[in-house]
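Listed below are the residues making up each chain.
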Amino acid sequence: MEQFDYVVLGASHAALEALRAIRAHDSDGSIAVLDREARLPVSPTVLPYVVSGKRPEDRIALRERGWFDDLRVDYRQQAHAAALDSAHSRLRLADGSEIGYGKLLLATGAAPAVPPIAGLSDVRFHVLRTLDDALALREAGRSAGRAVVLGAGLVGMHAAENLARAGARVTIIEMRDQVLPGYFDATAAARIQAAFHDNGVEVLTGRRVERVAPRAGGCTVQLDGGDPCDADLLLVAAGVRPEVSYLAGSGVAVERGVVVDAFMRSTAANVWAAGDVVQTPSFFGDATPAGGILPDAVEQGRTAGMSMAGDPGVQAYPGGVSLNTYGFFGRRALSVGRDAPQQGGADWEVLVRGGEGSDAYLKIVLRDGRLQGVFGVDVLFDPGIMWELILRRVELGARAKALLEDPQDAARALMSGLWR
Amino acid sequence: MSATPTIAFDAARCDGCGHCMNACVSAKSSDAHRAQPRIQILRDDESGRWGIAQCRQCGDPRCASVCPAAALEKGDDGIVAWDGERCVNCLICTAGCTFGGIAFSAAEGHVVKCDQCEGAPQCVAACTRGALRYVTTANLYNRWGDLEDLFVPGLGGCQGCNTELIMRHTLRRVGSNTVLATPPGCIPGMGSVGYNGMLGCKVPVFHPLLTNTASMLTGIRRQYKRKGRNVTALALAGDGGAGDVGFQSLSGAAERGEQILFICVDNEGYMNTGAQRSGSTTYGAWTATTPIGESARGKTQDAKNLPLLMMWHGCEYVATASTAFMEDFYAKLEAALDASQRGFAYLHLYSPCTSGWRFPSASNIEVARKAVETNFAVLWEYRRDQGLKLSRDIEDPAPVTEYLKLLGKFRHLDATQIAHIERHVAEQAQVLRELARMHPREGRQVVGHQSDLMAVDLDQ
Ligand SMILES: Cc1cc2nc3c(=O)[nH]c(=O)nc-3n(C[C@H](O)[C@H](O)[C@H](O)COP(=O)(O)OP(=O)(O)OC[C@H]3O[C@@H](n4cnc5c(N)ncnc54)[C@H](O)[C@@H]3O)c2cc1C
Ligand code: SF4
Ligand code: SF4
């Protein structure tokens, strides 16, 4: 049986950052990176741009082979983890071979969640997570007259825009009563939704798909209490589930994802996990959505890598803060942090500018004078600085007004003084 | 990975004139578009201070880590470069960066960031107030890094002490054609002379008495010369071994103009034997022999100014340096090494002592910097033919108390003692100011005398 000091599963954002962190501290330990794909790693985030044709598929690799060579990492493709035996520190691959590890990182990300809709398994539908998915969708989009997208999250919205640009008549169906729920409030969502409407995309919110049925060249989607709608192309973008199929009976606890502590250690000895595969705790310690985004995967990957290598500089992962940079039809929407709860109480403060009809929308949420969230449509600011201000629990005091007026400059000026 | 140049910003000097931003716009605009400045100067009304948003060319760039298209990469030149052919305009880099270093430019239609204008940053050139500096110190570190480290790994200093830095950097530059003397003190304590019969460095090293370092080096240097070999005679001594117990031999060698490079690492006391006072200990400071008690309030005498005393010997070269200002230290080491081939060169380095001065081990460079910024330790340079020159502006120093409060050895000071130290610091600064004002003509001797001849005489 082959044996490595470190084995990293997956070769995407969390894994790559962990590799760097491990090598930064341990220059000698043997490392293997196992990826199920038969090609250089590609970020799921870049896939919408492959679907739209903006980027050719051969110019999007996250790393070249030489990068792994330089780090003296044994990078293997088509190495699909099938089962983990954490009691014996052993991993079984799909081809039957076994690999032993000193320390293991699970960075296998997530897979599209397929909702329990009657008839879905009988029709051909698309998802978007891997390059193969993107190529198939790009191909299908070229000839689709009518496309239906299930889910108005970031993936669904991106894909819908691409399909519309490719010439399809697109309908987005969202269960909840606004697009991009969780990232933007209803006002912001309405602005975004209007742009889709203006570009000929039909958006149906608060609607549920009852059933789908095959039809020549496509399928028919039956909505609750409404007419059926025909689709040449059906895209299911109803969220993700962690990629944990190989963890059954492994001794690694999984809830909404792999359960980890602040140093990304799983419940099994010598097993760490990072990225979309993890059940990310919220920085705010509440039910705000956390994880499932690229910057979090990177942060967690670094924390895991440093912890695995025993780097004394490692700091506890502070918890996830939702963070999104969303571009639509040449415009931009940015969201960082959390919105105020419905029954917030006196410690919450919400500052808003730009209602309906104005040229920009901005919302700033504070609690006890500290930044909790910033949400903007057609307003630019630096999400990275806002993120840092939230993590540091910086008291904004009188600066809140300036922040509402000019979030970019005010936050930069404040942050500049905080850096030394 | 090697270190690379950075653009440093000093908020206290910035008046928000915006020349830097205009220069950036000019540098980056084309006929097709007016560029968005890659440097932003912004006012924080609350603090009344100017702030900056500009790419720091991070060693560990987060913008690049989060880019899903591998469009950002740190190159060997240190610049985190953006590749427009790969960028998909997702703006995730702006979420990765916490400095506002990369931002979307509506006019240009994509994210933009500073690239330091191929080594000639236009913003820095446009700044008339010294608020922006193009710091190329990193190049020096790289050059030093390429030189062989002539001390063995694993010197055993106290945590956070800067002496190891001084020793290793000095010997790297001075090189292997050296005979090194390290009299009793922290430096041999750290292992320069080795342990268990094994040498601590890769050049001939010896351990003179505390009293005779300069005399022994004199003899060795002359003996080599007689045999037709030109070696660098280098001493790395503490302040006691230089200025107190070792002073007669030091003074003699300096006065005779021996061709020696004598480096004093001044930690203001006999620190490796348990922190006893020395002639360099500051007035009021706690040491093991100047304790704090019912009547005792620390040292009752002022420190003597050893580098000035050395200057009055008319040495070939005398300078003070600090590890908080490495560029300056490197330049002075260079000059001292050169001068030591002609006569006596003396370099005085401030070495805050983490254990004996009682401050956290992470703050050594901070303490060293404050000492300089408060004029507690003034950086200057003396050449026999040019007189004394201040290495940095000493007008407008930070209050001395900013330095004193960093150190546990001063914790007990009362107002009278603080006033005493403040007065002393001001007086010393005044003396140096006056000396620097003498503006001697190039090539004319100011203090001291020609000693080469005698040295040669004795060589015969
Ligand atoms: C279309 C789309 C758009 C997105 N847009 C954004 C966005 O704009 N902003 C944002 O922040 N986030 C976005 N995301 C989310 C972001 O891509 C993920 O959060 C991020 O990729 C998570 O990184 P990861 O390393 O945890 O997992 P992944 O990127 O999912 O990588 C998992 C890795 O594990 C490998 N793997 C999986 N199973 C196995 C196995 N059994 N054996 C071996 N290898 C295995 C895979 O091949 C892959 O290398 C988007 C996601 C999608 C799908
Ligand atoms: S853009 Fe920001 S994160 Fe990237 S190198 Fe510059 S300062 Fe660092
Ligand atoms: S905007 Fe361009 S450079 Fe920035 S993260 Fe996206 S692809 Fe990378």
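Residues numbered from 1 in each chain as written. Chains lettered and ligands numbered in written order. Predicted model: local features only at pLDDT ≥ 70, side-chain atom pairs only at ≥ 80, totals over all residues. Heavy atoms only, no water.

Looking now at the domain arrangement of chain A. Residue and element names in this part refer to chain A. Assigned domains within chain A: domain 1 (2–111 + 241–309), domain 2 (114–238) and domain 3 (330–418). A straight line from the C-alpha centre of domain 2 to that of domain 3 covers 31 Å. Counting residues at the interface gives nine residues for domain 2 and 16 residues for domain 3. Buried surface at the junction of domain 2 and domain 3, both sides included, amounts to about 880 Å², of which 53% is carbon and sulfur. By the criterion of area lost to domain 3, the three top residues of domain 2 are Phe184, Asp185 and Arg191, representing 62% of everything that side buries. For the pair domain 2 and domain 3, the number of links is two salt bridges. A salt bridge links Arg191 to Asp378; the nearest nitrogen and oxygen atoms lie 3.4 Å apart. Put simply, domain 2 and domain 3 have five residue pairs in polar contact (both at pLDDT 80 or more) between them. The class makeup of the residues in the side of domain 2 that touches domain 3 is five nonpolar, one polar and three charged. (Domains from an automatic or database assignment. Contact = heavy atoms within 4.5 Å. Buried area = accessible area lost by both parts, 1.4 Å probe. Salt bridge = Lys/Arg side-chain N within 4 Å of Asp/Glu carboxyl O. Polar contact = N/O pair within 3.5 Å; in protein donor to acceptor, adjacent residues only side chain to side chain. Nonpolar A, V, L, I, M, F, W, Y, C, P; charged D, E, K, R; others polar.)

All names here are of chain A. Around ligand 1, a shell composed of 32 residues is seen, among which Ser12, Asp35, Thr45, Arg129 and Asp276 lie nearest. Taking Ser12, its side chain carries an N or O atom lying 2.6 Å from an oxygen atom of ligand 1. One of the side-chain nitrogen or oxygen atoms of Thr45 is found 2.7 Å away from an oxygen atom of ligand 1. Out of a free accessible area of 1,000 Å², ligand 1 has 95% covered by protein chains. Listed by contribution, the elements that provide at least two residues to the shell around ligand 1 are α1 (13–25) and α7 (294–309). (Near = heavy atom within 4 Å. Areas by Shrake-Rupley, 256 points an atom, 1.4 Å probe, with all protein chains shown as cover. Helix = DSSP H or I, 4+ residues; strand = E, 2+ residues; numbered from the N terminus.)

Between chain B and chain A, the contact holds 38 residues from the first and 39 residues from the second. Our enumeration of links across chain B and chain A arrives at five salt bridges. Between Asp60 of chain B and Arg302 of chain A there is a salt bridge; the shortest N-O distance is 3.5 Å. Taken together, the links from chain B to chain A amount to 16 residue pairs in polar contact (both at pLDDT 80 or more). When contributions to the side of chain B that touches chain A are tallied by element, the ones reaching two or more residues are β2 (40–44), β3 (49–53), α2 (62–66), α3 (92–96) and β6 (102–105) of chain B.

Residue and element names in this part refer to chain A. One open sheet accounts for five strands, arranged β17-β18-β21-β20-β19; its pairing is antiparallel. Of all the strands in the sheet, the pair left with one neighbour each is β17 (323–328) and β19 (348–353). Going across the sheet, the axis of each strand differs from the next one's by a mean of 10°, ignoring polarity. Helix α6 (residues 186–198) contacts β17, β18 (331–337), β20 (361–367) and β21 (370–377) of the sheet and is inclined by roughly 25° relative to β17. (Pairing = 2+ DSSP bridges. Axes fitted to C-alpha atoms, helices over the stretch in contact; angles between N-to-C directions.)

All right, on to the sheet that holds strand β11 (residues 209–215) of chain A then. Residues and elements named next belong to chain A. The antiparallel open sheet is built from three strands, whose spatial order is β11-β12-β13. Only two strands of the sheet have a single partner each, and these edge strands are β11 and β13 (228–231). Sheet twist, expressed as the mean angle between neighbouring strand axes with direction ignored, is 25°. Pairing between strand β12 (residues 218–223) and β13: four bridges, direction antiparallel. The residue of β13 that forms the bridge with Val221 is Cys229.

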